[in-house]
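An overview of the molecular structure
The chain contents come next:
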Amino acid sequence: MIVTSSSSIANPPPHLPPPTPSTTSKNPNNAFLPISRRDLLAALTVTAAPFALHPMSLQNTASARGLFQMPPVRLINRYFLVRAGESEYESWGVINTNPVAKTSVDSGLSEKGKKQAVRAAFDLKEMGACDTSCWIWPSITQRAYQAAEIIASVNGVTRSNIVPEYSEEKKEQVFLDARGLGAYEGKKLEAVSEVYASDTISPRIKPPPIDDGTPNESVSDVFVRVTQLMSILETQYSADTVIIVSPDSDNLTILQAGIVGLDLRRHRELSFAPGEVRFVDTNSVPTYKQPASAVYKCLNPPNCT
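Strands sit in the order E2-E3-E1-E4 across an open sheet of 4 strands; the sheet is mixed. Every interior strand has two partners, whereas the edge strands, strand E2 (135–138) and strand E4 (277–279), have only one. On average, each strand axis in the sheet is tilted by 20° relative to the strand beside it, whichever way the strands run. Bridging between strand E1 (residues 78–83) and E4 involves 3 bridges; their strand directions are antiparallel. In the sheet register, Leu81 faces E4, and the bridge partner there is Arg278.

Another aspect to go through is the pattern of salt bridges. Under the counting rule described, the total for this entry stands at 11 salt bridges. As a salt-bridge pair, Glu90 and Arg83 come within 3.2 Å of each other at their nearest N and O atoms. Of the two residues, Glu90 and Arg83, both sit in the buried class. Across the salt bridge formed by Asp221 and Lys206, the nearest N and O atoms sit 2.5 Å from each other. Linking Asp221 in helix H7 (residues 219–236) with Lys206 in the loop between helix H6 (192–199) and H7, this pair joins segments that are 15 residues apart in sequence. One network of salt bridges, in which partners are shared, links Arg179, Asp199 and Asp250.

Inspection of the entire model under this criterion finds 1 disulfide. Disulfide pairing places Cys130 opposite Cys134 at an S-S distance of 2.1 Å. Residues Cys130 and Cys134 share a disulfide whose torsion about the S-S bond is about 85°; that sign makes it right-handed. Under the relative-accessibility criterion, Cys130 is labelled buried at 12%.

Another aspect to go through is the pairing of E1. Counted residue by residue, E1 has 5 buried out of 6 residues, so it is predominantly covered. Where E1 meets strand E3 (residues 241–246), 6 bridges bridge the pair, whose relative direction is parallel. Bridge assignment links Phe80 to a residue of E3, and that residue is Ile243.

Turning next to the nonpolar core. Of all hydrophobic cores here, the largest spans 31 residues; its most connected members are Tyr79, Met230, Leu233, Ile244 and Leu255. Of all the secondary-structure elements, those providing two or more residues to this core are E1, H7, E3 and helix H8 (250–260). Sort the elements by how many residues they give to this core and H7 lands first, with 7 residues. Every residue in contact with Ile244, bar those within four places of it in the chain, is listed here: Tyr79, Phe80, Leu81, Val82, Trp137, Leu176, Leu229, Met230, Leu233, Leu252 and Leu255.

A complete count under the given rule lists 1 cavity of 30 Å³ or more for this structure. Looking at the largest cavity, the residues that line it are Asn96, Thr97, Asn98, Pro99, Lys102, Ser107, Thr141, Arg143, Asp177 and Ala178. Of the residues that constitute the lining of the largest cavity, the class distribution is 2 nonpolar, 5 polar and 3 charged.

To continue, consider the packing of helix H4 (residues 111–126) against helix H5 (residues 142–155). Packing of H4 against H5 leaves a shortest axis separation of 9 Å and a crossing angle of 40°. Of the possible angle classes, the one that applies to H4 and H5 is oblique. Pair H4 / H5 crosses with right-handed handedness. Counted together, Lys114, Ala117, Val118, Ala121, Phe122, Leu124 and Lys125 of H4 and Ala147, Ile150, Ile151, Val154 and Asn155 of H5 form the full contact between these two elements.

This next bit is on the environment of Ile95. Mapped onto the fold, Ile95 is located in the loop between helix H3 (88–91) and H4. Owing to a relative accessible area of 4%, Ile95 belongs among the buried residues under this scheme. Ile95 has contacts with Leu181, Tyr184, Glu185, Gly186, Lys187, Lys188, Leu189, Ala191 and Val192, leaving out every residue within four places of it along the chain.

Calculation notes
- Residues numbered from 1 in each chain as written.
- Predicted model: local features only at pLDDT ≥ 70, side-chain atom pairs only at ≥ 80, totals over all residues.
- Heavy atoms only, no water.
- Pairing = 2+ DSSP bridges.
- Helix = DSSP H or I, 4+ residues; strand = E, 2+ residues; numbered from the N terminus.
- Axes fitted to C-alpha atoms, helices over the stretch in contact; angles between N-to-C directions.
- Salt bridge = Lys/Arg side-chain N within 4 Å of Asp/Glu carboxyl O.
- Buried < 20%, exposed > 50% of the residue type's maximum accessible area, 1.4 Å probe, protein only.
- Disulfide = S-S within 2.5 Å.
- Core = buried A, V, L, I, M, F, W, Y, C linked by side-chain atoms within 4.5 Å.
- Contact = heavy atoms within 4.5 Å.
- 1 Å grid on protein atoms, 1.4 Å probe; cavity = no way out; pocket = protein on both sides within 12 Å on 5 of 7 lines; lining within 4 Å.
- Points joined across faces, edges and corners; volume = space filled by probe spheres on them.
- Nonpolar A, V, L, I, M, F, W, Y, C, P; charged D, E, K, R; others polar.
- Parallel < 35°, antiparallel > 145°, perpendicular 65-115°, else oblique.
- Left-handed = near helix turned anticlockwise from the far one by under 90°.

Below you can see the structure in the form of structure tokens.
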């Protein structure tokens, strides 16, 4: 649900009349005259009075756009989450998360992945995602950008509405890079189950490092960057539809867990299949049958204990 808010604008203070010139100056050299502490405090009180904030103004400031938190109090825009189709590396059963290779041909969609991306595009069309207009935000990872182009083609979206996510600070696309799995790089896909086992213990556990440039990211690391992405989107757009296209599942599961307030240690339960599409509904929290001792919600991620 899209919620908008309006804030009142305070009336500007009345202009003060110009000072009456004096015929005899008591300070002919324009030197700074001494002032007592009492006079200074009185002057500051009078000066600040017209700009005093009403308590409601403080409340509006606290909920201003750009101050994004998880779980969000509201979402200004409508969001769809899409996992790109299978990559060539994935079709070979190999883990590849090194950002150096993200624009390589082998990081692109496999033949199966292209079909999954087409299916995702038609799913979005059936859901009416771009009936009015929409913005597509893909990672520049090859398969994600290819999926974005397919989505745009099927839904009649112009290329100018495809916006690869970008970090001004690092001068590169980072928010939607596939989660870096460190020393698991190049191993069989089945080995990723060891990473997810660690995730269930703590969102701060990182995969073992490696020296080939592949990041080794914890759930908390990914949570920070997807939260930054949402902060940018909520600030840049208003009452728009945004389609986020990720090269992997973890970006999306961690983002969705943060939005609905699910303990980040359980993000894997929200796993996205290649080509899967989901509408973000903050009013719909997944129901799980778990032991009574399980942590059901996290109100201050990633600090979930």
